[in-house]
Amino acid sequence: MQVQISDGDMAVRSVLIVEDEALVSILIEDLVRDLGATDVQIFGNAASALKAAEIGDFDVAVLDVLLADGDSREIADALARRGIPFLFSTGSGSDSLPERHRDRPMIIKPFPDGDLQALLLKTLRDTRRDAIPQAA
């Protein structure tokens, strides 16, 4: 099933997931595949995820804040530089987010499946809407 976003021909096709808990990464993968994603890349550490964030072609990303080998701060920076929308998934509050990314969407673990899917779609839709020039 592919979920189309109501205000355009946008769909979730490619997703970067950065999550060091295997069960959580599998859950997120299943949820994004339910939205129609066909290219899902999952990384459990910051070093390899950063390389993917710098060169990969993603519609959207889900970033765990705290990882076994550090945090997702540099990954978020790389995605932001490239204009790739992302949201944070964390077991902590917004205080765990880098100051420069505290305005980004965030979901607290554990989360209901539908909440993550809705936030993912909203993040993608809002970013795409912001990128469309507005008529004067």
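Look up: the structure comes first, before these words.
Everything numeric in this text was worked out from a predicted model, so none of it was measured. (Residues numbered from 1 in each chain as written. Predicted model: local features only at pLDDT ≥ 70, side-chain atom pairs only at ≥ 80, totals over all residues. Heavy atoms only, no water.)

Caption draft 1: Highlighting the packing of helix α2 (residues 46-55) against helix α3 (residues 73-82). For the pair α2 and α3, the least separation of the axes is 9 Å and the interaxial angle reads 5°. As far as their axial angle goes, α3 and α2 are roughly parallel. Listed contacts from α3 to Ala46, Ala49, Leu50, Ala52, Ala53, Glu54 and Ile55 of α2 are Glu74, Ile75, Ala78, Leu79 and Arg82. Looking at the contact of α2 with α3 residue by residue, the class counts come to 9 nonpolar, no polar and 3 charged. (Axes fitted to C-alpha atoms, helices over the stretch in contact; angles between N-to-C directions. Helix = DSSP H or I, 4+ residues; strand = E, 2+ residues; numbered from the N terminus. Parallel < 35°, antiparallel > 145°, perpendicular 65-115°, else oblique. Contact = heavy atoms within 4.5 Å. Nonpolar A, V, L, I, M, F, W, Y, C, P; charged D, E, K, R; others polar.)

Caption draft 2: Broad picture of the sheet that holds strand β1 (residues 14-18). Pairing in this open sheet of 5 strands is parallel, and the strands run β2-β1-β3-β6-β7 from one edge to the other. Whereas interior strands pair on both sides, the edge strands pair on one side only; in this sheet they are β2 (39-43) and β7 (106-108). Taking each pair of neighbouring strands and ignoring which way they run, the sheet shows an average axis angle of 15°. Bridge count between β1 and strand β3 (residues 60-64): 4 bridges; the pairing is parallel. Each bridged residue has a counterpart across the sheet, and for Ile17 the counterpart in β3 is Val62. (Pairing = 2+ DSSP bridges.)

Caption draft 3: Quick peek at the environment of Asp113. Note on placement: Asp113 falls in helix α4 (residues 113-131). Distance from Asp113 to Ile28, taken between C-alpha atoms, is 8.3 Å for residues 85 residues apart in sequence. Once residues within four sequence positions are removed from consideration, Asp113 is found in contact with Leu27 and Leu31.

Caption draft 4: Inspection of the nonpolar core at higher detail. By size, the foremost hydrophobic cluster in this structure holds 21 residues, and its most contacted members are Leu16, Val18, Leu63, Ile75, Leu79, Phe86 and Phe88. Elements represented by at least two residues in this core include exactly β1, α2, β3, α3 and β6 (86-90). Once residues within four sequence positions are removed from consideration, Leu16 is found in contact with Gln41, Phe43, Ala52, Ala53, Phe58, Val60, Ala61, Val62 and Leu79. Val62, Phe111, Leu116 and Leu119 belong to the second largest nonpolar core, which has 19 residues in total. (Core = buried A, V, L, I, M, F, W, Y, C linked by side-chain atoms within 4.5 Å. Buried < 20%, exposed > 50% of the residue type's maximum accessible area, 1.4 Å probe, protein only.)

Caption draft 5: Here's a closer look at the packing of aromatic side chains. Evaluated as defined, the whole model comprises 1 aromatic pair. Centroid distance Phe86 to Phe88: 5.5 Å. Interplanar angle 85°. Geometry classified as edge-to-face. Taken individually, Phe86 and Phe88 each receive the classification buried, so the pair is uniform in this respect. (Phe/Tyr/Trp six-rings, centres within 6.5 Å; stacked < 30°, edge-to-face > 60°.)

Caption draft 6: Looking closely at unusual backbone geometry. Backbone torsion omega between Lys109 and Pro110 reads -5°, so that peptide bond is classified as cis. The residue Pro110 is located in the loop between β7 and α4 in this model.

Caption draft 7: Just α2, in detail. Among all positions of α2, only Ala46, Ala49, Leu50, Ala52 and Ala53 are buried. Angular distribution of buried residues about the axis of α2 spans 165°; they occupy a single face of the element. Of the residues in α2, the exposed ones pointing more than 90 degrees away from the buried face are Lys51 and Ile55. Backbone nitrogen of Ala47 and a side-chain oxygen of the N-cap are separated by 3.3 Å at the start of α2; the cap is Asn45. (Arc of directions from axis to C-beta. Polar contact = N/O pair within 3.5 Å; in protein donor to acceptor, adjacent residues only side chain to side chain.)

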